[in-house]
Amino acid sequence: RGVLYGGYMLTARGTYLIEYNARFGDPECLNVLSLLDPAADFLGACEAAAAGKGLAQVSLPFRRLASCCKYAVPEGYPNRSEKGFVVDLSGLQRPHLAYLGAVDADPKSGSLIATGSRTVGVVGVAETLEEAEALAEAEVTAITGKLFHRRGVGTAALVNSRVAQMLSIQARGAREQPISIAVLGSTRGSSLPLLP
């Protein structure tokens, strides 16, 4: 019971489920939840799911906008991440777009200290993907510390190349087939116990 979303890949042999997650800090989740209408009863939906009730009675309207999430991560991420350095958010123009991830607050100074994983996620929301990407890029670039981010995420060039790749795969004869499921473990995820 709860939230589950999948990552899918279209191949020449059909559509495959690569992974599924339920972590609210993942970029996929931040992108989607940022589009939820502010008037939506998200708490009500969570309570209904926890109680085992269907979600048919809960209205969850989404805004028809575009979103782009970019994460600032430590240098060396993911295998040899820097840790223990100060993360400075003072340059953010729109701090409401930022979501803290793997950081601790120093009890003496109050500074944010990176702990080695995804540090700060920034979500731009706008009428078009180009505008959302520009917002996210401007904000993630303003975060300082021993960090980097993938500049191409959400750009027209990357999106267009992915669309062209998918169309090419479809043209080679990908047909609808049953989705094959494989579960990949996560170092900090659940153990995926079987439910009765």
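The structure we're discussing is the one just above.
Residues numbered from 1 in each chain as written. Predicted model: local features only at pLDDT ≥ 70, side-chain atom pairs only at ≥ 80, totals over all residues. Heavy atoms only, no water.

A. Focus on the overall build of the protein chain. Assigned secondary structure in the protein chain consists of 4 helices and 10 strands. Per-residue burial for the protein chain yields a buried fraction of 30% across its 196 residues. A separation of at least 24 residues holds for 64% of the contacts in the protein chain among residues at least 6 apart in sequence. Total accessible area on the protein chain stands at roughly 12,700 Å², and carbon and sulfur atoms take up 56% of it. (Helix = DSSP H or I, 4+ residues; strand = E, 2+ residues; numbered from the N terminus. Buried < 20%, exposed > 50% of the residue type's maximum accessible area, 1.4 Å probe, protein only. Contact = heavy atoms within 4.5 Å. Areas by Shrake-Rupley, 256 points an atom, 1.4 Å probe, with all protein chains shown as cover.)

B. View of the pairing of strand β8 (residues 120-126). Summarising burial for β8: 6 of the 7 residues are buried, a large majority. Inspection of the sheet shows strand β3 (residues 66-74) paired to β8 by 7 bridges, in the antiparallel sense. Looking across to β8, one finds that Cys68 is bridged to Gly124. (Pairing = 2+ DSSP bridges.)

C. Summary view of the sheet that holds strand β4 (residues 86-87). Across the sheet, which stays open at both edges, the 3 strands sit in the order β4-β7-β6 with antiparallel pairing between neighbours. Bordering the open sheet on either side are β4 and β6 (103-105), each of which pairs with just one other strand. Here β4 runs beside strand β7 (residues 112-114); their pairing, made up of 2 bridges, is antiparallel. Looking at the pairing, Val86 lines up with Ile113 of β7.

D. Just the nonpolar core, in detail. If you look at the biggest cluster of nonpolar residues, it comprises 14 residues, and the most contacted ones within it are Val87, Val120, Val122, Ile143 and Leu147. Counting only elements with at least two residues in this core, the list comes to β7 and β8. Setting aside anything within four residues of it in sequence, one finds Val120 in contact with Lys70, Tyr71, Ala72, Val87, Leu89, Ala98, Tyr99, Leu100, Gly101 and Ile143. Counting 6 residues, the second largest nonpolar core, distinct from the first, contains Ala66, Ala126, Ala132 and Ala136. (Core = buried A, V, L, I, M, F, W, Y, C linked by side-chain atoms within 4.5 Å.)

E. The sheet that holds β3, seen in detail. With antiparallel pairing, 4 strands are arranged side by side in an open sheet as β5-β8-β3-β9. Every other strand in the sheet has two partners, leaving β5 (98-100) and β9 (147-148) as the edge strands with one partner each. In the sheet, β3 pairs with β9 via 2 bridges, with the strands oriented antiparallel. Paired with Val73 across the bridge in β9 is Phe148.

F. Summary view of the packing of aromatic side chains. This structure, assessed with the given rule, holds 1 aromatic pair. An angle of 80 degrees between the planes, with centres 6.2 Å apart, marks the rings of Phe24 and Phe42 as edge-to-face. Here Phe24, found in the loop between β2 (14-21) and α1 (27-33), pairs with Phe42, found in helix α2 (residues 42-50); they are 18 residues apart in sequence, far enough to count as distant. Residue class for Phe42 comes out partly exposed when judged on its relative accessible area of 30%. Above the ring of Tyr71, the side-chain terminus of Arg118 is found at 5.6 Å from the ring centroid. (Phe/Tyr/Trp six-rings, centres within 6.5 Å; stacked < 30°, edge-to-face > 60°. Lys NZ or Arg CZ within 6 Å of the ring centre and 35° of its normal.)

G. Representation of the state of the cysteines. According to the stated counting rule, one finds 0 disulfides in the structure shown. With no disulfide of its own, Cys46 has Cys29 as its nearest cysteine by sulfur position, at a separation of 9.7 Å. The class for Cys46 is partly exposed, based on a relative accessible area of 31%. Left without a disulfide partner, Cys68 is nearest to the cysteine sulfur of Cys69, which lies 7.3 Å away. (Disulfide = S-S within 2.5 Å.)

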